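# Structural characterization, general
Here's the letter readout for the chains.
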Amino acid sequence: MVLTADAQAIETRHLGFAISPHEECAVEEAVRIGGEVVVLTLGPAEAEEQLRDCMAVGADRGILLQTGGEEWDAQATAAAIVDAVRAEGGFDLILFGNESADAGGYQVGIRVAHALGLPVVTGLKKIEVEGGNVRCERDAGGARDVYEAPLPAVLTVLEGLNLPRYPSVPGRLRAKSKPVAVVEPARPASQLEKLRLVVPEGQGKQAEILENAVQVVAVLQSLGVA
Amino acid sequence: MILCFVEGDELSAQAVGFADAMGDVRAVTFEGAYQPLAWAKALAAEEAEAIVAAGSDRGNELLAHVAALLDQPFAANVTAIEGDTVTRVRWGGSLLEEARLHGTPKILTVAPHTRPAAEIGEVETLAAPDDGSPKVLERVEESSGGVSLRDAKVVVSGGRGVGSAEGFAIIEELAGLLGGAVGCSRVVTSAGWRPHADQVGQTGTKISADLYIACGISGATQHIAGAKGAKKILAINTDPEAPILASADYAVIGDLHEVVPAISAELRKVRG
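Residues numbered from 1 in each chain as written. Chains lettered and ligands numbered in written order. Predicted model: local features only at pLDDT ≥ 70, side-chain atom pairs only at ≥ 80, totals over all residues.

Another point: the overall build of chain A. For chain A, the count of helices and strands is six helices and 10 strands. Reported as C-alpha extents along the three principal axes, the dimensions of chain A are approximately 65 × 45 × 40 Å. Of the contacts made within chain A by residues no fewer than 6 positions apart, 66% connect residues no fewer than 24 positions apart. (Helix = DSSP H or I, 4+ residues; strand = E, 2+ residues; numbered from the N terminus. Contact = placed C-beta atoms within 7 Å.)

Our focus in this paragraph is the overall build of chain B. Helix and strand counts for chain B come out as seven helices and 14 strands. A principal-axis box enclosing the C-alpha atoms of chain B has dimensions of 65 × 40 × 35 Å. The buried share of chain B, taken over its 272 residues, is 52%. Taking as baseline every contact in chain B between residues at least 6 positions apart, the subset at least 24 positions apart corresponds to 61%. (Buried ≥ 20, exposed ≤ 12 C-beta atoms within 10 Å, placed from the backbone.)

Looking now at the interface of chain B and chain A. In this complex, chain B contributes 66 residues to the contact, which on the side of chain A involves 56 residues. Contributing elements (two or more residues each) for the side of chain B that touches chain A: α3 (57–70), β4 (75–82), β5 (85–90), β6 (95–101), β9 (138–141), β13 (232–237), β14 (250–253) and α7 (256–271) of chain B. The dominant element in the side of chain B that touches chain A, judged by the number of residues it contributes, is α3 of chain B, at eight residues. Classifying every residue of the side of chain B that touches chain A by side-chain character gives 34 nonpolar, 16 polar and 16 charged. (Nonpolar A, V, L, I, M, F, W, Y, C, P; charged D, E, K, R; others polar.)

Moving on: helix α2 (residues 36–44) of chain B. Residues and elements named next belong to chain B. Across the nine residues that make up α2, a large majority, seven, are buried. Those residues of α2 that sit buried are P36, L37, A38, W39, A40, L43 and A44. For α2, the secondary structure elements touched by its buried residues are β1 (2–5), β3 (50–54) and α3.

Remark on secondary structure: sheet strands pair via backbone hydrogen bonds, oriented parallel or antiparallel. If you walk across this open sheet you meet the six strands as β10(A)-β14(B)-β13(B)-β12(B)-β10(B)-β11(B), and the pairing is parallel. The sheet is open, and its two borders are formed by β10 (208–209) of chain A together with β11 (181–184) of chain B, each paired with just one other strand. With five bridges connecting them, strand β10 (residues 154–158) of chain B and strand β12 (residues 211–215) of chain B associate as parallel partners. Within β12 of chain B, the residue paired with V155 of chain B across the bridge is Y212 of chain B. Docked against the sheet, α7 of chain B engages β12, β13 and β14 of chain B, running at close to 130° with respect to β13 of chain B. (Pairing = 2+ DSSP bridges. Axes fitted to C-alpha atoms, helices over the stretch in contact; angles between N-to-C directions.)

We now examine the sheet that holds β5 of chain B. As summarised here, the arrangement of the nine strands in space is β9(A)-β6(B)-β5(B)-β4(B)-β7(B)-β3(B)-β1(B)-β2(B)-β8(B), forming an open sheet in which the pairing is mixed. Either end of the sheet is taken by a strand with one partner, and the two such strands are β9 (192–198) of chain A together with β8 (123–125) of chain B. Put simply, the sheet's adjacent strands are angled 35° from each other on average, direction ignored. Bridge count for β9 of chain A against β6 of chain B is six bridges, and the pairing is antiparallel. Bridging from a neighbouring strand, E193 of chain A pairs with R100 of chain B of β6 of chain B.

Let us now look at the pairing of β12 of chain B. Residues and elements named next belong to chain B. Of all five residues making up β12, five are buried, and the element is well covered by its neighbours. Burial of the side chains of β12 extends over both faces: L211, I213 and C215 are buried on one face and Y212 and A214 on the other. Here five bridges tie β12 to β13, and the two strands are oriented parallel to one another. Residue pairing for β13: Y212 is matched across the bridge by I233. In this fold, β12 hands off to helix α6 (residues 221–227), which returns the chain to β13; that crossover is right-handed. (Right-handed = clockwise from strand over helix to strand, strands pointing away.)

One can describe the packing of helix α4 (residues 108–116) of chain A onto α3 of chain B by two numbers: an axis separation of 9 Å at closest approach and a directional angle of 40°. In terms of axis orientation, α4 of chain A runs oblique to α3 of chain B. The way α4 of chain A lies across α3 of chain B gives a crossing that is right-handed. Between α4 of chain A and α3 of chain B, the contacting residues are I110, R111 and H114 of chain A on the first element and A64, H65, A68 and L69 of chain B on the second. (Parallel < 35°, antiparallel > 145°, perpendicular 65-115°, else oblique. Left-handed = near helix turned anticlockwise from the far one by under 90°.)

Our next topic: the nonpolar core. L155 of chain A together with C4, A15 and V52 of chain B are the most contacted members of the largest nonpolar core, which has 94 residues in total. In this structure, V52 of chain B is in contact with I2, C4, A15, F18, A19, L108 and V110 of chain B, ignoring residues within four places of it in sequence. Counting residues in each nonpolar core, the second largest holds 49 residues, with V216 of chain A together with V156, V188 and A209 of chain B among its members. (Core = buried A, V, L, I, M, F, W, Y, C linked by C-beta atoms within 7 Å.)

Residue and element names in this part refer to chain B. What helix α4 (residues 169–177) keeps buried is the set I170, I171, L174 and A175. The buried residues of α4 occupy one face: seen down the axis, they fall within an arc of 135°. Packing partners of the buried residues in α4 comprise β10, β11, β12 and α7. Just downstream of α4 lies G179, where phi reads positive at about 65°. (Arc of directions from axis to C-beta.)

The topology assignment puts A99 of chain B in strand β6. It is 5.6 Å that separates the C-alpha atoms of A99 of chain B and T85 of chain B, two residues lying 14 residues apart in sequence. If we skip the residues at most four places from it in the chain, A99 of chain B touches L192, E193, K194 and L195 of chain A together with A75, V86 and R88 of chain B.

Turning our attention to the domain arrangement of chain B. Residue and element names in this part refer to chain B. Taken domain by domain, chain B comprises domain 1 (2–125) and domain 2 (154–271). The C-alpha-based centres of domain 1 and domain 2 are spaced at 34 Å. Listed per partner, the contact involves five residues of domain 1 and seven residues of domain 2. Looking at the side of domain 1 that touches domain 2 residue by residue, the classes come out as one nonpolar, four polar and no charged. (Domains from an automatic or database assignment.)

See the structure below:
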């Protein structure tokens, strides 16, 4: 990975952005559960593109909590989402990815649940809405733990919950005319304050080239796995 | 005093090792059905300079609840702390972040396998009365067929280069010969060739094998995040410029459809 000169971010001038895998599954699950699906993100103006991707697979409308591109820590992010949810009058179900691909904080969904006084279950691979309840399952090393919660609730999910669909061409066209509300929340001071990013040592090995199966098996034997 | 939540596992012993370096450790645990909010309330009620747990599913969840209850910041998957500056894992370990952790108590989890384990020592059981919040109602055991990906000594994994679900027959054959598990990249699960349970990566399983054999996998950073726990990596790829080679210890530059069966045949031959 290549960092920007100030070591505050990854150099993304030549990269594209995408929805993270956990969140992609959250959107797919919401569309499968049905009812009105609202998709929300916090990010720069360009993040509208990812909201449109979600609407292309079935979300009805979007909310963009627009930032100036600077990073928000988990507490600030959760607070902005809580304000947006309150302004909407609440939802039956609020889905999050269990942890973000980039910051990996493991906490925004839980913080939102606390602030709204809602029950929360995390790390889910299965969700079943039954009347006013949700029954859900989470991997527990060779087993699955079963939880239940009354709605409204906050759930955080993992990739593997479902197999997200690809957007269709008509879906993409419809997404262009769906509404996106833009809100510009004020950014509070970071309590987990990023100083710099560092590329860990040990990246960039020189692999030993093996020419044939005989050499490979010799290596397997030397490693004690053959 | 450093309050450290422990379970009887290796990651908890590593968290205690980390906490020992911060101060006097008080190791605590709970009994009965796992109830994250109730357990977190009990942790939050204790006086401590810092609250520490392993960077496991439960550790990260519990301390996020503690942080929310106390309205304090929480640093997940920390590898080092000096004063109020922490180093933590981001992008599944592809990058590290140095950050100032404001707030009291310091709330943090310890990134797995970044610190040696310590003796857990005496563990106190805290009371956590049922508060009606979601808890584990039942545990359903899964009938596991063969070696689990997480614990396998050898993982043989296929990527886009395998070409189809049927193409995994040669991957399964080699994994079977080595007593290992079959893995795959995200492209493969997205295409529906293999179940998500087989996926190695940041959003799949993070393996800890002695040897990882990556066949036809280019090696995106998100894939490497799940593979780098392996002690050695062997890449089989037609492309000598594939990013996976920068993480591999050994490489065969060639078509996996020829190389993998040849390795299986050679293994059978040397075994007689």
